[in-house]
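A look at the structure
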Amino acid sequence: MSKMTINNSPVRTSNNYQINNISLNDIPSFSNVKFENVIYQDFDDENLKVTTTTSDFHLTYGMGEIIENEVKSNSNVKMKLELTASTEKENIIQFVFDKNNRRLVDDIEILVNENVKGKMIIQYIVANDSSLERKYHVDEQYEGIHNGVIRTMMNANSELQLTVINLTGFRTINIFSMENELSEKAKLEYHIVDFGGNSSVTNYYTNLKGDYSENNLNTIYLGKNEQLFDMNYIAETRGKGTKMNMDVQGAIKDSVKKHFKGTIDFKRGGKKAEGAENEFCMLLSDAAKSISLPMLLCDEEDVIGNHATAAGKVNHKELFYLMSRGLTEEEAKILMVRARFNKVIDQISNEDLKKEIPEIA
């Protein structure tokens with residue numbers, strides 16, 4: 001593949017916004033090769049059933065037909081995860097990129113049964129040459145591609161905390177499609193940690209079809225060098241009394257470009273629904289560029305919707321205060337970024353993971 005336009009906004013806006021979709025150049029071929037570095041940690045074998053047969057699907061939005069068909073036809077990892085009973089364990093799956101595992105096309109289906117509660121972490125990370133030890137910066141000769149679909153189906157009264165972590169290398173193209181369907185009184189806590197990849201493109205869609213269902217989406221992203229982030233978050237409230245909350249916190253420097261599209265669509269019949277989206281991007285250099293487009297669409301009168309988005313440079317008064325306490329300018333900026341990220345990090349219950357993320361930031 002050479003050039004492709006993907007991740008269309010749910011409602012087309014003026015071309016002047018430059019945010020309706022994203023064009024990626026020089027996309028590596030989706031070679032149908034094996035990806036063998038899949039590691040399972042602390043799995044609850046009694047309450048979590050894992051199989052390699054997934055259901056056929058058609059994404060409501062997604063990245064587009066070509067990207068979707070690659071996952072449906074050429075995935076080299078298929079995984080169905082069914083939570084059959086409640087568990088306190090944080091079931092962790094790691095996809096580890098190295099020089100022999102550079103192409104990952106994963107089809108992941110998560111099913112949470114009725115009245116079941118669980119936690120799950122999915123990590124995309126990089127190994128060094130000699131071991132599977134965690135490494136954030138991939139060697140320059142590694143070039144990778146990740147095209148993944150994660151579909152989550154929540155049955156009535158179920159609860160799931162799902163954390164997706166992207167720490168792939170700086171010569172990797174990351175393409176995420178995430179789709180959720182929530183039945184009556186289901187609750188989904190979704191955390192996205194997006195630090196990796198030369199280009200990271202995310203399409204997130206939630207269908208709150210069940211009455212009193214709830215989805216809280218919390219994202220943190222960190223960009224440097226010439227990274228590109230394109231985030232397209234969409235939620236549709238169909239059931240009565242549903243709640244959707246998006247909280248996105250990021251920081252970019254150098255020549256990073258970031259696009260954020262956040263859409264909450266109040267469908268007819270979803271009375272008493274509530275939706276809120278909040279996005280803030282801290283600009284750590286003059287060359288970094290941030291474009292945001294929050295949207296509220298409404299076909300129902302009896303709803304509450306709020307949105308806020310902002311981008312700004314470091315607060316000089318806060319910076320001066322921290323430097324007056326003995327911190328260097330760089331140390332002070334890092335501390336300010338971490339303070340923003342902690343709003344999301346504190347909601348992640350895995351203590352080891354919470355310690356690792358600030359070290360990278």
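That block above? That's the structure.
These notes cover the structure that comes with them. As the structure is a prediction and not an experimental result, all values here were calculated from the model.

Re the overall build of the protein
Of regular secondary structure, the protein possesses four helices and 21 strands. A globule of 361 residues ought to have a C-alpha radius of gyration of about 21 Å, and the protein, at 20 Å, matches this closely. For the protein, the spread of C-alpha atoms along the three principal axes comes to 55 × 50 × 40 Å. The buried share among the 361 residues of the protein stands at 56%.

Re the layout of surface pockets
In this structure, the largest pocket encloses a volume near 500 Å³. Around the largest pocket, the lining is made up of 24 residues, and of these Ile22, Ser23, Leu24, Ser199 and Leu228 lie nearest the centre. Of all elements in the fold, only strand S2 (22-25), strand S18 (257-266) and strand S20 (289-298) reach the threshold of two or more residues within the lining of the largest pocket. At four residues, S2 tops the list of elements feeding residues into the lining of the largest pocket. Partitioned by chemical class, the residues of the lining of the largest pocket number seven nonpolar, 10 polar and seven charged.

Brief notes about the pairing of strand S8 (residues 117-127)
Most of S8 sits out of view: nine of its 11 residues are buried. Sheet topology places strand S6 (residues 90-97) next to S8; eight bridges connect them, and they run parallel. Pairing of valine 96 across the sheet is with isoleucine 125, part of S8. Where S8 lies against strand S11 (residues 159-166), eight bridges are found, and the strand directions are parallel. Note on S11: the bridge partner recorded for tyrosine 124 is asparagine 166.

Details of unusual backbone geometry
Although it is not a glycine, asparagine 157 adopts a positive phi angle of roughly 65 degrees. Examined against the element boundaries, asparagine 157 turns out to sit in the loop between strand S10 (144-154) and S11. The exposure class assigned to asparagine 157 is partly exposed, which follows from its relative accessible area of 35%. Despite not being glycine, aspartate 254 shows a phi value in the positive range, around 55 degrees. Secondary-structure assignment places aspartate 254 in the loop between strand S17 (243-252) and S18. The partly exposed category is assigned to aspartate 254, whose relative accessible area is 32%.

Considering the nonpolar core
Counting residues in hydrophobic clusters, the biggest one holds 51 residues, and the most contacted among them are Phe95, Ile110, Tyr124 and Tyr190. Once you skip the residues sitting within four places of it in the chain, phenylalanine 95 turns out to touch Phe35, Asn37, Val38, Val77, Met79, Leu104, Asp106, Ile108, Ile122, Gln123, Tyr124 and Ile125. Ile92, Leu167, Phe195 and Met282 belong to the second largest nonpolar core, which has 23 residues in total.

A short note on the pattern of salt bridges
Tallied over the full model, the rule gives 14 salt bridges. The salt bridge involving arginine 151 is made with aspartate 107; its shortest N-O contact spans 2.9 Å. On the criterion of sequence distance, the pair formed by arginine 151 in strand S10 and aspartate 107 in strand S7 (residues 103-112) is long-range, its members being 44 residues apart. Among the residues examined, arginine 151 registers a relative accessible area of 7% and is labelled buried. Ionic pairing is found between lysine 187 and glutamate 189, a salt bridge with its closest N-O pair at 3.8 Å.

So, how was this worked out
Residues numbered from 1 in each chain as written. Predicted model: local features only at pLDDT ≥ 70, side-chain atom pairs only at ≥ 80, totals over all residues. Heavy atoms only, no water. Helix = DSSP H or I, 4+ residues; strand = E, 2+ residues; numbered from the N terminus. Rg over C-alpha atoms; globule rule 2.2 N^0.38 Å. Buried < 20%, exposed > 50% of the residue type's maximum accessible area, 1.4 Å probe, protein only. 1 Å grid on protein atoms, 1.4 Å probe; cavity = no way out; pocket = protein on both sides within 12 Å on 5 of 7 lines; lining within 4 Å. Points joined across faces, edges and corners; volume = space filled by probe spheres on them. Nonpolar A, V, L, I, M, F, W, Y, C, P; charged D, E, K, R; others polar. Pairing = 2+ DSSP bridges. Core = buried A, V, L, I, M, F, W, Y, C linked by side-chain atoms within 4.5 Å. Contact = heavy atoms within 4.5 Å. Salt bridge = Lys/Arg side-chain N within 4 Å of Asp/Glu carboxyl O.

Any link to function would need more than the numbers given here.
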